[in-house]
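The lines below spell out each chain.
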Amino acid sequence: MVQSTRFLDIEVQGATMSNVVIEIERWLGERNDVGRHIAVVNSYCVSLARELPELRAVYDAADLVLPDGKPFVFWMRHVGGVATDRICGPELMLHLLEVGQELGWRHYFYGGAPAVLAEMITRLKSLAPHALVVGAVSPPFRDLTPEEEEAELEKIRAAEADFLFVGLGTPKQDFWIARNRPRVGGAVLIGVGATFDFLGGRVKRAPKMVQRAGLEWVWRMLGRDRGRLLRRYTLYNWRFLRDFFRQGLGL
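Throughout what follows, the structure given in this document is the object of discussion. As the structure is a prediction and not an experimental result, all values here were calculated from the model.

## Quick notes on the nonpolar core
Then step 1. In terms of nonpolar packing, the biggest core is built from 31 residues, with I24, I38, L92, F109, F165 and I190 touching the most fellow members.
Then step 2. Taken together, the elements giving at least two residues each to this core come down to helix 1 (17–29), strand 3 (36–41), strand 4 (64–67), helix 5 (89–103), helix 6 (114–127), strand 7 (163–167), strand 8 (188–191) and helix 9 (195–199).
Then step 3. Broken down by element, this core gets its largest block of residues, six residues, from helix 1.
Then step 4. If we skip the residues at most four places from it in the chain, L92 touches M17, V20, I38, V40, L66, I87 and I190.
Then step 5. Counting residues in hydrophobic clusters, the runner-up holds 21 residues, among them A39, A62, V82 and F240.

## Overview of the pairing of strand 1 (residues 3–7)
Then step 1. Bridging between strand 1 and strand 2 (residues 10–14) involves five bridges; their strand directions are antiparallel. By the bridge assignment for strand 2, Q3 is matched with G14.
Then step 2. As consecutive antiparallel partners, strand 1 and strand 2 are separated by two residues, and within that stretch L8 has a phi angle of approximately 50°, a positive value.

What counts and what doesn't
Residues numbered from 1 in each chain as written. Predicted model: local features only at pLDDT ≥ 70, side-chain atom pairs only at ≥ 80, totals over all residues. Heavy atoms only, no water. Core = buried A, V, L, I, M, F, W, Y, C linked by side-chain atoms within 4.5 Å. Buried < 20%, exposed > 50% of the residue type's maximum accessible area, 1.4 Å probe, protein only. Helix = DSSP H or I, 4+ residues; strand = E, 2+ residues; numbered from the N terminus. Contact = heavy atoms within 4.5 Å. Pairing = 2+ DSSP bridges.

And the structure:
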């Protein structure tokens, strides 16, 4: 059973990977033309959503909002009384590919640089050799025209994808998903952030010990994308921690 708790104005669902798979199987059994949306949120997502009402509206409309971060898990378990695991993009995507090998699930990838996307697909073939990858597109970094976007969506519908993993970064991927949910043939849409870069080898992921300590953001801030991520992890993490402690004090 998936349970919810309010965390800094965002409704977050506590779940295990097994809970998520059960929920997805139910969705696919009731499938219609409108896609389902799973949002995996971290401290940056929540802080940005408090600043951008349109992003908060995207998360409020999502079918599942899952916790990617130790503060979420701590709050949900010890304050909200909700049993949950930390669920982040890379683990969720790999788990769904592995489970889907026996269930015939069809996977489509949208985002990432061409070389990174190609390398990720090659690696996925070794990690989940029987997963059905039915499409992978690296869109240009500029905004697409309405005609170009509709052409991409037609490819997704023609592929009869069950899952559409979107790796455009926050908040671009969130707005893309919200805009196109009704036009993907009922696929489950999941924004997976930097997952393509991790699995495509462009960015080295933090060691497990660092991840378990909740310090993966420090590893990334000191890594290859430090110039781009420095402001994100200083300004927005500071805002997140401030608001987290204010919530804990009932303020």
